[in-house]
Amino acid sequence: MILSFDIILLVFLVVAAIISLSVKDLLSASMIFGIYSFLICLLWADMGAVDVAFTEAAVGAGVSALFLIATVYNTKRSSSD
Amino acid sequence: MIAKIYATIAVFITGSLLIYGVSDFPRFGDARSPANAGVEGGAGSISEYYITKSYADTKVPNIVTSVLADYRSYDTMFETVVIFVAGMSIFAILRTFRSGAPLVENFRKDDSFIDGDHQRIIVGTTCRLAVPVVQLFALYVIAHGHHSPGGGFQGGVLLGASYIILALADDLAAALRRLSEARYLMLAAVGIAIYSGLGFLCMLLGQNFLDYGVLEAVFRTDGPEMARSHSMLGVEIGVAATVMAIMFAIYANLASKGTLKKAL
């Protein structure tokens, strides 16, 4: 674990989480959620949990972001609140 | 607006409670924490047992795989069942067999998603080139899960993703020609059948459910350790089959609103 690397990752993680919650365009929100998953994946790898990082990269950043995009495509694109 | 304020207050209270709770945790990597050193005065810790004995027990170098697929095999089996049930619920909610009338209505048609044919060619060609690489890597991940990070879940997700990429490259019909609905529903069930079947085979041979050591006679290995290693591979293949089928099923039903006709 490298402390400065951790701090950068955590700051980006919080920023990505806040943006994905606050952005009105749901397509952007789901893509930023994918970025969030990828940052968590990097954190897992950084902490030595390589198996978990692999799962997070495949499921979180890959497939679940895609599921969200497919859902956005079939409902509506902009958030009402 | 007022609901939002209440929600924010609730989130802050829960968050600060969680952060307060974290202060009780042992430091990261602390050798004297209960997980690493065991309870004081009690038996030694379970992680120490796994780290020192799991290779002798199972002949699997990757401790994570041996814990997930052997020591905690019951957990993994029902995790697979959870994925299966999730896929089946999405199938039950979304899948519609009436033509032209999807259950979920399109609120607002937003055609800005599809940018035109010229982009479709670039995306399509890239995706088609990626599919065989992804599938080969997925098979490697499943087969090599004993020695390196990976295993059934990751490999299954990658396999499912390769079919999703195929659906994105052309259209859903192209992917469904290779993995039809009947086939993926069957694969999902077959995966669990492989997993629990191995468990029941152990019972038939007079051992506990999912106690692989007794499968020595079936696999004709030198000892129960190699039998465990081989059964773990079998179990991983079962998990991969279910996960792959369910990932593709969820995508196909979500993207086409359950009609399996026109998708993204």
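Residues numbered from 1 in each chain as written. Chains lettered and ligands numbered in written order. Predicted model: local features only at pLDDT ≥ 70, side-chain atom pairs only at ≥ 80, totals over all residues. Heavy atoms only, no water.

Student: Whenever I open this one, the overall build of chain B confuses me. Can you help?
Tutor: Across its full length, chain B holds 11 helices and 0 strands. Mapped in sequence order, the helices and strands of chain B form the string α-α-α-α-α-α-α-α-α-α-α. (Helix = DSSP H or I, 4+ residues; strand = E, 2+ residues; numbered from the N terminus.)

Student: Hey, could you run me through the packing of helix α3 (residues 46-58) of chain B against helix α11 (residues 224-255) of chain B in this one?
Tutor: Residues and elements named next belong to chain B. In contact at an axis separation of 6 Å, α3 and α11 are set at 90° when each is read in the N-to-C sense. Regarding the angle of α3 to α11, the classification is roughly perpendicular. Judged by residue contacts, Ala56, Asp57 and Thr58 of α3 engage Glu225, Arg228, Ser229 and Met232 from α11. For the contact of α3 with α11, the per-class residue count stands at 2 nonpolar, 2 polar and 3 charged. (Axes fitted to C-alpha atoms, helices over the stretch in contact; angles between N-to-C directions. Parallel < 35°, antiparallel > 145°, perpendicular 65-115°, else oblique. Contact = heavy atoms within 4.5 Å. Nonpolar A, V, L, I, M, F, W, Y, C, P; charged D, E, K, R; others polar.)

Student: Honestly, the packing of aromatic side chains in this entry has me stumped. Any pointers?
Tutor: To describe a pair of aromatic rings, one takes the distance between the centres and the angle between the planes. Residue and element names in this part refer to chain B. Within this structure, the stated rule accounts for 11 aromatic pairs over all chains. Residues Tyr49 and Tyr71 carry aromatic rings whose centres are separated by 6.3 Å and whose planes lie at 85° to one another, so their mutual orientation is edge-to-face. A residue pair is termed long-range when its members are at least 10 positions apart, and Tyr49 in helix α3 and Tyr71 in helix α4 (residues 63-71) qualify at 22 residues. The exposure class of Tyr71 is partly exposed, given its relative accessible area of 24%. Measuring from ring centre to ring centre gives 4.7 Å for Tyr50 and Tyr71, while their planes differ by 45°; the resulting arrangement is tilted. Taken as a pair, Tyr50 in helix α3 and Tyr71 in helix α4 lie far apart in primary sequence, 21 residues in all. Three or more aromatic residues joined by ring pairs form one cluster here, namely Tyr74, Phe78, Phe200 and Phe209. (Phe/Tyr/Trp six-rings, centres within 6.5 Å; stacked < 30°, edge-to-face > 60°. Buried < 20%, exposed > 50% of the residue type's maximum accessible area, 1.4 Å probe, protein only.)

Student: Even after reading the chapter, I still don't get the environment of Phe137 of chain B, so can you show me in this structure?
Tutor: Tracing the chain through its elements places Phe137 of chain B in helix α6 (residues 117-143). With relative accessibility at 39%, the residue Phe137 of chain B sits in the partly exposed group. Not counting the four nearest positions on each side in its chain, Phe137 of chain B is found in contact with Phe54 of chain A together with Leu158 of chain B.

Student: Can you help me understand the environment of Asn62 of chain B in this one?
Tutor: Within the secondary structure, Asn62 of chain B sits in the loop between α3 and α4. You can call Asn62 of chain B buried: its relative accessible area is 10%. When near neighbours in sequence (up to four residues on either side) are disregarded, Asn62 of chain B contacts Asp51 of chain A together with Gly145, His146, His147, Ser148 and Pro149 of chain B.

Student: Would you mind showing me how to read the nonpolar core here?
Tutor: Nonpolar side chains tend to gather and get buried jointly when the protein is soluble and globular. Counting 56 residues, the largest nonpolar core has Phe67 of chain A together with Leu172, Tyr184, Tyr212, Phe248 and Tyr251 of chain B as the members making the most contacts within it. When residues of this core are traced back to their parent elements, those giving at least two are α3 (50-74) of chain A together with α5 (73-94), α6, α7 (152-169), α8 (172-178), α9 (181-204) and α11 of chain B. No other element matches the 16 residues that α11 of chain B contributes to this core. Of all hydrophobic cores here, the second largest spans 7 residues; its members include Leu13, Ile32, Ile40 and Leu43 of chain A. (Core = buried A, V, L, I, M, F, W, Y, C linked by side-chain atoms within 4.5 Å.)

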